[in-house]
Amino acid sequence: MEDIKPQLFKVTIDGIEVEVEPGTTILQAARKIGGNVAPPAMCYYQPLKGSGGKCRACLVRVAAGSAKDPRPMPKLVASCITPVQDGMIVENSTNEQVLTTRKAIVEFLLINHPLDCPVCDQAGECDLQNFAFNHGMATTRYEEDRRTFEKQDIGPYIQLHMTRCILCYRCVYTADQITQKRVHGVLGRGDASEISTYIEKAIDNDFSGNVIDVCPVGALTDKTYRFKNRVWFTKPVDAHRDCPTCSGKTTVWYRGDEVIRVTARKNEWNEVTEFICNTCRFEKKKTSDWVIEGPTKISRSSVISANKYRADTIKPDFQKKLAAATYTQVDDERDTSQLGIQQLPPERFAPVLPHANDPEP
Amino acid sequence: MGKKILLEHINVPGIETYDVYRKQGGYTAVEKALKTMSPDGVVEEVKKAGIRGRGGAGFPMGMKWSFLAKPEGVPRYLVCNADESEPGTFKDHYLMKNIPHLLVEGMIISSYALGANKSFIYVRGELMYVIRILEKAIAEAKAAGFLGKNILGSGYDLELVVHPGGGAYICGEETALLESLEGKRGNPRNKPPFPAVKGLYQCPTVVNNVESIATASWIVNNGGDAYAAIGIGRSSGTKLISASGHIKKPGVYEIELGVPVEEFIYSDEWCGGIRDGHHLKALVAGGSSVPILPANLITKLANGEPRLMTYESLSDGGFQTGTMLGSGGFIVFDETACVVRNTWNFSRFYHHESCGQCSPCREGTGWMEKVLHRIEYGHGSMHDIDLLVDVSKKIEGNTICPLGDAAAWPVASAIRHFRDEFEWHITNPSEATKPGAVFKGDMALV
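Since we're looking at a predicted model, the values are computed, not measured.

Colleague: For the overall build of chain A, give the residues involved together with the corresponding values.
Modeller: Regarding its fold elements, chain A presents 9 helices and 14 strands. Out of the 361 residues in chain A, the part that is buried amounts to 38%. Residue pairs in contact within chain A that sit at least 24 positions apart in sequence constitute 66% of those at least 6 positions apart.

Structure follows, in structure tokens:
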């Protein structure tokens, strides 16, 4: 029998036309074009089934639903879960409403985030950091107490620091789909909900370490690497080993001659391509354990080689102009001595931020 | 006197028992539907009746039924949404508690129309005693042969299950309800797919409100056209209104849609007017999530015509000068009520009930609550008012389910209509924070 190729759908995103297979989501179509056309994704993770739709970072405007029915969609839609239609016209970074909303999403995600990037292990490879850098604003309008949690012990390898979590549910899907048994999940409701195991149970199975890789922020970190180094001082190389449990294809991170961390390989969208086992990740920390393939190709969101945060490399594009235009500072001349938050002693905030000299739990 | 459809026999002693209900003409609609009508015939009658969903959104019920996908070999489900938890709404509770058989009968007819052989009533967990009443009614109906295998010899089987919820407001959202019914965390699903295509256990499902389903038996008995003749235009039939607040006679009333709002508040048949010595200040017409209305827009539309209790008239003028009929939670405020405190209270509710799945709602509801708390307790600044408007705008329309909108609308509308009251709280903190202190500016009172 002859292979019948499915008819391709033509989609226009930010004025660029692309042909994709039916069933593709807007986000995937945009990623096919690449660059700035691809909406940011904080919760969507292509390898994980069912992920997406939660963070609302990827909201886009559909200016025309399809060739048959060219009406625009009334609300912004989450591009990661909305399938394309033939003749659909999508506005991402060319629509002011989309960018304003995206800025609001950054603000929402950050109001309960500790902003402890200077001491956070994820800094430099953090999705939220990149998202905030690209779409957020420099100041905050939030002056209340931030939501904080005690650090939780969930086993020998993984540190859970809920204060940083943005509740993307990725780690929950990972445990559901990659590991044999999920022991952690989301407890509580609203902004009191938290990722947790029931009564601090340890997460213990061969593939549990993958939750560290999928975490978009520093909520789940590698205890064997914690506070050892900063990402931008390390040198990643692709390596593999003959592993009986997993593919054994990893990225090994060097500081000098020392292997200080092993992670799964990620593609340009910061998504793990092949999940790896805990033995590879946590126990093989000698060069002799690995067959080195060569330097890792740095992904677009990495700060290591892209000089992403250097002032002279930032071009004042439309987004930046908009960022400067919309939120103007308002003179606030009220008497702040009455505000509860001002009267709190500085120690109040101390337990929240991990310190480089903290003993390993 | 208005026409009564649901509450016609409410005052008959013992109406909660099968025998009395049957004597009042109960279950004749089941007999008529199963013996003389085809399932599609029932759907047709409901379509003709033009009844709009009574849960809040007001989506035409017949249309919802006709959207149900009917693939071969896949079961279909009917789920009754009895997770009524909107502040100010208590009609379903009242109906189920007093005439449980009306719901059971409606469930049998609706399930027959949709071809569902197993139907669920998802009741809010706090209403445990209502669940027992419903279970008793179902047992009685089963004993009388209206449930179970081969009902009335028609070959149609139906099993009714009453499921207690955990008491979360979010589980009143239809997809969160389905998740909860499946035994999962009550998080709303991303749509599409809609429940009519993939609902409970990934099968086609219809989710209807208690009041909508309870109306089905009257429609079958009297015909869709008779129902459509009641009410005005696209707002056909009667509606249960849960009236509460500063009125003389709070309670559940059944009205024909189209009664003027003024008559509903001041007539002795219904609310009986504002309590003595006080004046009408504001109205929340359809449960806490709809926009609040100031006194000058309650009884009259922006163009001076009288406002009626219909879907169209209440939402006349959009959110600038209108509101929504919603679920019929009619909360009346007199001049002793503080709008700022009330808005904070509503906001606190939505903060507490947000499921925490999507970021605008999870973070935004808490933020709005904190800012409103600050204003209410005298620590606000003028900047905070604009901040609230901005945050509510950023939540609205950007969330997975309508809870985000429901949290944003009361805040935005309270500031739109009562901005001077917010400003008074900010400029006179020492006065405003005294117990019972209320703004006495030049606001319009009726």
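Colleague: Tell me about the UniProt feature "domain: 4Fe-4S His(Cys)3-ligated-type" (unreviewed entry) in chain A, residues and numbers included.
Modeller: What UniProt calls "domain: 4Fe-4S His(Cys)3-ligated-type" (unreviewed entry) maps, in this numbering, to residues 97-136 of chain A. Taken end to end, residues 97-136 of chain A comprises 60% helix and 0% strand; its first and last C-alpha atoms sit 14 Å apart.

Colleague: Just give me the short version of the environment of Ile-241 of chain B, but keep the residues and values in it.
Modeller: Residues and elements named next belong to chain B. Take Ile-241: it is sitting in strand E7 (residues 238-245). Ile-241 gets classed as buried once you count the C-beta atoms within 10 Å, which come to 25. Each C-alpha atom of the pair Ile-241 and Val-252 lies 5.6 Å from the other, and the pair is 11 residues apart in sequence. For Ile-241, the residues in contact, after removing those within four places along its chain, are Tyr-253, Ile-255, Gly-328 and Phe-330.

Colleague: I'd love a proper account of the packing of helix H2 (residues 28-36) of chain B against helix H9 (residues 210-222) of chain B, names of residues and values included.
Modeller: Residue and element names in this part refer to chain B. Two elements in contact, H2 and H9, have axes separated by 9 Å at closest approach and are oriented at 60 degrees. It follows from the interaxial angle that H2 and H9 lie oblique. In the packing of H2 onto H9, the handedness of the crossing is left-handed. Along the contact surface, H2 presents Thr-28, Ala-29, Lys-32 and Ala-33, while H9 presents Ser-217, Val-220 and Asn-221. Looking at the contact of H2 with H9 residue by residue, the class counts come to 3 nonpolar, 3 polar and 1 charged.

Colleague: Got a sec to walk through the nonpolar core? Specific residues and values, please.
Modeller: If you look at the biggest cluster of nonpolar residues, it comprises 214 residues, and the most contacted ones within it are Val-79, Cys-80, Leu-103, Ile-109, Ile-121 and Val-332 of chain B. Those residues in contact with Ile-121 of chain B that sit more than four places away from it in its chain are Cys-80, Ala-82, Met-107, Leu-134, Leu-160, Val-162 and His-163 of chain B.

Colleague: Before we move on, can you summarise the domain arrangement of chain B with the specific residues and values?
Modeller: Many descriptions give the size of an interface as the accessible area lost when the pieces come together. Residues and elements named next belong to chain B. The domains assigned to chain B are domain 1 (18-229), domain 2 (241-334) and domain 3 (339-432). A separation of 23 Å is found between the C-alpha centroids of domain 2 and domain 3. With 8 residues of domain 2 in contact, the opposing surface of domain 3 contributes 10 residues. Here the residues of the side of domain 2 that touches domain 3 sort into 6 nonpolar, 2 polar and no charged.

Colleague: How would you sum up the interface of chain A and chain B? Please name residues and give values.
Modeller: At the junction of the two partners, chain A supplies 30 residues and chain B supplies 26 residues. The greatest single-element share of the side of chain A that touches chain B, amounting to 6 residues, is contributed by helix H2 (residues 96-111) of chain A. Split into classes, the residues belonging to the side of chain A that touches chain B amount to 15 nonpolar, 6 polar and 9 charged.

Colleague: Please provide a residue-by-residue account of the sheet that holds strand E4 (residues 205-209) of chain B, values included.
Modeller: Two orientations exist for strands paired in a sheet by backbone hydrogen bonds: parallel and antiparallel. All names here are of chain B. Taken in spatial order, the 4 strands of this open sheet run E3-E2-E1-E4, and their pairing is parallel. Only two strands of the sheet have a single partner each, and these edge strands are strand E3 (159-164) and E4. The average angle at which neighbouring strand axes cross in this sheet is 20 degrees, direction not considered. The sheet contacts of helix H6 (residues 100-114) involve strand E1 (77-82), strand E2 (118-123), E3 and E4, and relative to E1 the element is tilted by about 150 degrees. Where helix H7 (residues 128-143) meets the sheet, its contacts fall on E2 and E3, and the angle it forms with E3 comes to roughly 170 degrees.

Colleague: An account of the domain arrangement of chain A is needed here, citing residue identities and associated values.
Modeller: By domain assignment, chain A separates into domain 1 (9-98) and domain 2 (112-305). Between the C-alpha centres of domain 1 of chain A and domain 2 of chain A there is a distance of 27 Å.

Colleague: Before we move on, can you summarise the sheet that holds strand E1 (residues 9-13) of chain A with the specific residues and values?
Modeller: Residues and elements named next belong to chain A. Taking strand neighbours across the sheet as the criterion, the 5 strands line up as E2-E1-E5-E3-E4 in an open arrangement whose pairing is mixed. Sheet topology places strand E2 (16-20) and strand E4 (77-78) at the edges, where each strand pairs with a single neighbour. Of the pairings in the sheet, the one linking strand E3 (residues 59-64) to E4 comprises 2 bridges and is antiparallel in character. In the strand pairing of E4, Val-60 is matched with Val-77. Its contacts with the sheet put helix H1 (residues 26-33) on E1, E2, E3 and strand E5 (88-91), and the angle it makes with E2 is roughly 115 degrees. In the packing of H2 onto the sheet, contacts are made with E3 and E5, and the angle to E3 comes to roughly 165 degrees.

Criteria and thresholds
Residues numbered from 1 in each chain as written. Chains lettered and ligands numbered in written order. Predicted model: local features only at pLDDT ≥ 70, side-chain atom pairs only at ≥ 80, totals over all residues. Helix = DSSP H or I, 4+ residues; strand = E, 2+ residues; numbered from the N terminus. Buried ≥ 20, exposed ≤ 12 C-beta atoms within 10 Å, placed from the backbone. Contact = placed C-beta atoms within 7 Å. UniProt positions renumbered as here; feature names shortened; annotations may be inferred. Axes fitted to C-alpha atoms, helices over the stretch in contact; angles between N-to-C directions. Parallel < 35°, antiparallel > 145°, perpendicular 65-115°, else oblique. Left-handed = near helix turned anticlockwise from the far one by under 90°. Nonpolar A, V, L, I, M, F, W, Y, C, P; charged D, E, K, R; others polar. Core = buried A, V, L, I, M, F, W, Y, C linked by C-beta atoms within 7 Å. Domains from an automatic or database assignment. Pairing = 2+ DSSP bridges.

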